[in-house]
Structures are given as C-alpha cells and as structure tokens.
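Examination of the molecular architecture
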Amino acid sequence: MLKQVLRKLPRKSQRSNSLDSAGTESSERTSNTDDGVQCMNFGNKISSRLRVVKRVSSVVFPASIVAGSEAVEPNLAFNDVSNPQKPYLFISKLNLCCEVSNSSDPDKTAVEQDLKRQTLIELVDFVSSGSAKFNESAIAAVCKMCALNLFRVFPPKYRSNTASGEADDEEPMFDPGWSNLQLVYDLLLRFIGCSSLDAKVAKKYLDHSFILRLLDLFESEDPRERDCLKTILHGIYGKFTVHRPFVRKAVSNIIYSFVCETERHSVFVCETERHNGIAELLEIFGSIISGFALPLKEEHKMFLCRALIPLHKPKYMGAYHQQLTYCIVQFVDKDPKLANTVITGLLKYWPVRNSQKELMFISELEEILEMTGMADFQKIAIPLFRRIACCLNSFHYQVAERAHMIWSNERILNLIRHNRLVIFPLIFPVLERNSLNHWNQTVLNLTKNTRKMLVEMDEELVLACECKLEEENSQSNEAAEKRKLTWECLEIAAGVKPAAANIVASAEPAACAVAC
C-alpha cells in the first residue's frame, strides 16, 4: 500500500526536465499556432464584417456601391453582362436614378433627365422579364430609389366656399414631371407583384414608415398618380399579410381626420376638407371589406358608424359617393342587420338645401332597401317614409321624380305592401297635394301612377286615408275660419276704441326712438 502511494509521487530527472522543456517549447509552439489560427479567424471575421458593411453602404451611398469584382458600369445594358453580374448592375442603375438633377444648368438637367428616363425604362423591362432575383441589397436599393423620387410634400391649397370651387374640381391638375414618376410607380408596382420577391425580407424595407408616406401621396392633385398609388397599396395589402392591420388602421385614420376636419370647417374649405384621395382610399377599402370574415368584428362595425356614415356630410360628397356607396353596400351585404344603422345615419345627414346630394341619397337609399329585411324595415318605416314624403312633394322636379321611381322597385314595393297600414297614411296626403299644386307635368303623371298603385294594393285603405284627409282638411278650414273671426273681432275692438288706438300709435314712434 505504501509502495503504491510512493509511486504516485513525482520524480524529477534530467529526462523529465528535457521533456518539460520540450513540452514547454511545444506548448509555446502550439499556443503560437493557436494564436495564429485565432488571428486568422479574427481577420476573417473582420473581412466578412467589412464585406457586410460594403454591401450595406452600397445601398445607402451610391458612390460606394461596387468595389473590386462587384464593380459594374451602370450605363451597360443587361444583355451585355453575365447573369451573376446582373444583380450588381441592377443596383448600379437604381443608384444612378437616385441622383437629383441640378436645375441651375437647364441643358445639363435635360441630358440627365433623358439618361434617367432611359435607365428607368431598362429597370422596368428587367423586372418585368421575370428573370430578376432580388437579394436584400436589391430590395433596399429599390425602396431607397422609390422613396427619393416619389416622397414629397405638396403645397397647401385653400379655396373659398363658393360655386367656383365646384368648377375647379372638374378640371384636374397634372404633374409636369409625370413622365418619370410614372416609370418609378411602374417599377414599384412590378417589383411588388414579382413572384421572386421574398416578402419576409422585403417587409423590413416596405415597412410602416414607407406605407405612411405612400398614403400621404394620395393628396396629389394628379388623378393618374392617385390611381397608381391605389394599385400599389392594394398590392402591398395582398402580398404583405403582416401589414394588413396597419394598412386598415392608417386608412381609417385618414378618413377619421377628414370627417373631423369637415365638421370643424364650415365657412372656408381648406386643404384638409378637400382631401383628393378619399375616393381611391374608399375603393381600396371596398375590396378589403369584401374579404372580411363573418361575423364582423366590432372594430369594423365601428368604422362603418364613425367613418363611412359621417362621410355623407361634406358638401363635396359627389367626388367619392360612388365608392362610398359601394363600401356601405358591402357592409350591408355582409351583415343585413346593419341596414337599420345605415338608413338611420342617412336620415341624420339628409341634405335640406342641396338637391344634387339629395338625388345621391335617394339612389343609395334604394340600394340599401333592396337588402333590408322585413323586421329591420319595420323599425325605421315611419321616419323613412316621412322623409320620402318630403321628397315626393319637393318642388325640385328631379328630386320628386327620383322619389317616385322608388315605387317601381319590386323589392321595395313588397316591403311597402306588408307595412301599408303605417305607410299609406304618410304618403297619401302628399300625393293629393302634388296632384293639386305641383308645377311639373312629369311629376303630376308620376303622382297619378303612384296613387293608382296604392289603390290596386289596398283600395279600402286608400278610401279610409281619403276620408281622414277630408276630415283633416275640414278641421283645418274650421280652424282657419276661427282665426279669421278672431282677427276681425280684434279689428272691430280696435275700431270701437279709437282713443286707445291713438295712444298705441303715438307710443310706437317713441319706442322706435328709444330702440335706436
């Protein structure tokens, strides 16, 4: 046992020393070798990081896009380079289009614009060919070029609330630089729709900030630009599912702001009240609504009540009424119970002095009534047909004609037939007044046809309404006679007491003088 313990004790000898020295030298050589490997690894890391920085800087700084083997002349054609070099040529051409022309030298500016236009055409053709492969640097370069060329601030335009403002809307303003802008929009649209684009990578560059600045461009006066923006935003919504909630929220905020600003401004129409892109935004939202799942979420119903229905209030609703009607019809088609809410909102914002808006309201109302259920119709029948009765009796012949045309709709006529006990007493007196007093012959003919329709539907009820109307007319005539007799008595009383009348007459000038 003791021997075993002694054997484990270290023994020092010359051989061991030499071995130790050899081991030390070998360990030193090993450590030096390890240090060399570590230095080599560290150098490789640095070089790889430098390459990453170089790739990133090629997107941010056009001058440093290429170096060494990646250097490609941007003026070359895509057919003149090999396939591995095409991505670098693509980025070179994009960075060439990022340069802003100097307006101090018109001749030089014209040459640069022609070169830029030709380069943009080449880029559009390359992306349209389908052979383009987009890495992260190319995606970042496309977004940067589009941002520099498209994103800009529009000057504010203030218009007085006059009739001339409506005439100005009929003459759209066109951007003088549209030739290049159109190519940039075309490139962005084809880039988004390209099948080789990786949405997971592209979403880092087509981010929320990029989308918000795109939405700001809907303020453009040029309808061609707004139409391109509409198509691009729709493509972003379809391809980048992660951005869909944000797009809906951002569009909703624009409409909310427009509605609130409209309520604030009543005398002067300013830039915020005359948003140029409401029609296009509503068109985008119409396609979004058609894809809503059932049952509808509460936020979607809130958008209908707080944004879409109040959009009926602005004076210039005609610029987007067609798209607005489409959105509302989509909501009612998804959930027919919302018809009651929509019709109540229409009655709330019903125009009183604007006959053209009234015509649009009647047309929209007819579309909504076609999708309204019987139970919901019964809840709103009385206020609804009070308003329709006013339209039937309107002295504006177009409004009266359009209101009479509702009765030719079979779906609405069926609703009226089942609720005639409530509706006939509201409509019949108006038809009688029209037949006696209306100035337009077409309205008179339509009134006769509508009255005939009521008689065919329920003759007894029409006779009862006629008797009630005669009774009401006799009572009103009696009340008029009583008022007349009362005034005659007052006049006689004034004639019997002339002194009192003189006192009153002399007091009137004094009262007028005191008031002055």
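For the structure, check the block above.
We now turn to the structure provided with this report. In this numbering scheme, every chain counts its residues from 1 along its sequence in written order. In keeping with the predicted nature of the model, local features appear solely for residues at pLDDT of at least 70, side-chain atom pairs appear and are counted solely at 80 or more, and the whole-chain, interface and lining totals rest on all residues. Each side-chain value is worked out from all heavy atoms of the structure, with water and hydrogens disregarded.

Another aspect to go through is the state of the cysteines. By convention in this document, the label disulfide applies to cysteine sulfur atom pairs within 2.5 Å. By the definition in use, this model includes zero disulfides. Sulfur of Cys97: no disulfide; nearest cysteine sulfur belongs to Cys98 and is 7.3 Å away.

Aromatic pairing here means that ring centres of Phe, Tyr or Trp (its six-membered ring) are within 6.5 Å. Orientation follows from the plane angle: under 30 degrees is stacked, over 60 is edge-to-face, and everything else is tilted. Counting across every chain of the model gives 14 aromatic pairs. With a centroid separation of 6.2 Å and an interplanar angle of 85°, the aromatic rings of Phe258 and Tyr320 are classed as edge-to-face. Taken together, the residues span a long stretch of sequence, with Phe258 in helix H11 (residues 244–264) and Tyr320 in the loop between helix H13 (298–308) and helix H14 (321–334) at a distance of 62 residues. Aromatic pair Phe285 and Phe303: ring centres 4.3 Å apart, planes at 20°, arrangement stacked. Here Phe285 is found in helix H12 (residues 278–290), whereas its partner Phe303 is found in helix H13, with 18 residues between them in sequence. Both residues of the pair, Phe285 and Phe303, belong to the buried class. Put simply, the rings of Phe78, Phe90, Phe126, Phe134 and Phe191 touch in pairs and so form one group of aromatic residues. Counted as over-ring charges are cases with an Arg CZ or a Lys NZ within 6 Å of the ring centre that also lie within 35 degrees of the ring normal. Above the face of the Phe78 ring, Lys93 is positioned so that its terminal group lies 5.7 Å from the ring centre. Each helix is a run of DSSP H or I of at least 4 residues and each strand a run of E of at least 2, with the numbering of both proceeding from the N terminus. Three labels apply to residues, based on accessible area from a 1.4 Å probe with only protein chains included: buried if under 20% of the type maximum, exposed if over 50%, partly exposed otherwise in between.

Turning our attention to the environment of Thr341. One can find Thr341 in helix H15 (residues 339–348). Judged by relative accessible area, which is 32%, Thr341 ranks as partly exposed. In this structure the C-alpha to C-alpha distance between Thr341 and Lys301, which are 40 residues apart in sequence, comes to 10.0 Å. Here Thr341 is in contact with Cys305 and Ile309, once residues within four sequence places are set aside. The contact criterion used throughout is that any non-hydrogen atoms of two residues lie within 4.5 Å.

This part takes up the packing of helix H17 (residues 374–392) against helix H20 (residues 420–437). Running from amino to carboxyl end, H17 crosses H20 at an angle of 0°, the nearest separation of the two axes being 9 Å. Classified by the angle their axes make, H17 and H20 are roughly parallel. Across from Phe377, Ile382, Phe385, Arg386, Ala389 and Leu392 in H17, the residues of H20 making contact are Val422, Ile423, Leu426, Ile427, Val430 and Asn434. Per-class residue counts for the contact of H17 with H20 are ten nonpolar, one polar and one charged. The axes are straight lines fitted to the C-alpha atoms, using for helices just the contacting stretch, and the angles between their N-to-C directions are given from 0 to 180°. When describing relative orientation, an angle under 35 degrees is termed roughly parallel and one over 145 degrees roughly antiparallel, while 65 to 115 degrees is termed roughly perpendicular and anything else oblique. In this classification, Asp, Glu, Lys and Arg are treated as charged, Ala, Val, Leu, Ile, Met, Phe, Trp, Tyr, Cys and Pro as nonpolar, and every other residue, Gly included, as polar.

To continue, consider helix H19 (residues 410–418). When we look at burial in H19, the residues that qualify are Ile412, Leu413, Leu415 and Ile416. Projection of H19 onto a plane perpendicular to its axis shows the buried side chains occupying an angular sector of 155°, all on one side. Turned more than 90 degrees away from the buried face of H19 sit Glu410 and His418, all of them exposed. Looking at the buried side of H19, the elements it contacts are helix H16 (355–370), H17, H20 and helix H21 (441–457). Sitting at the head of H19, Asn409 places a side-chain oxygen 3.0 Å from the backbone nitrogen of Arg411. Note that the arc is computed from the directions linking the helix axis to the C-beta atoms. N or O atoms closer than or at 3.5 Å make up a polar contact, with two conditions inside protein: a donor-capable atom paired with an acceptor-capable one, and, for residues adjacent in sequence, both atoms drawn from side chains.

One broad rule of soluble globular proteins: the nonpolar side chains tend to lie buried together. With 124 residues, the main nonpolar core has Phe90 and Leu308 as its most contacted residues. Setting aside residues up to four positions removed in sequence, Leu308 forms contacts with Leu282, Ile289, Phe303, Leu324, Cys327, Ile328 and Phe331. Throughout, nonpolar core names a set of buried Ala, Val, Leu, Ile, Met, Phe, Trp, Tyr and Cys residues whose side chains join them through atoms within 4.5 Å.

Moving on: the side chain of Thr450. Here Thr450 lies in helix H21. Classification of Thr450 by relative accessible area gives buried; the value is 3%.

Moving on to a nonpolar patch on the surface. Each patch is assembled from residues with relative accessible area greater than 30% and no salt bridge, linking like charges that lie within 9 Å and nonpolar side chains (Val, Leu, Ile, Met, Phe, Trp, Tyr) that lie within 5 Å. Residue-level accessible areas treat just the shown protein chains as cover; the underlying method is Shrake-Rupley with a 1.4 Å probe. Here, a salt bridge means any Lys or Arg side-chain nitrogen found within 4 Å of an Asp or Glu carboxyl oxygen. Where nonpolar side chains cluster on the molecular surface, the patch consists of Ile382, Leu421 and Val422 and spans about 260 Å² of accessible area. Inspection of the secondary structure assignment puts Ile382 in helix H17. You can call Ile382 partly exposed: its relative accessible area is 38%.

By themselves, these figures tell us nothing about what the structure is for.
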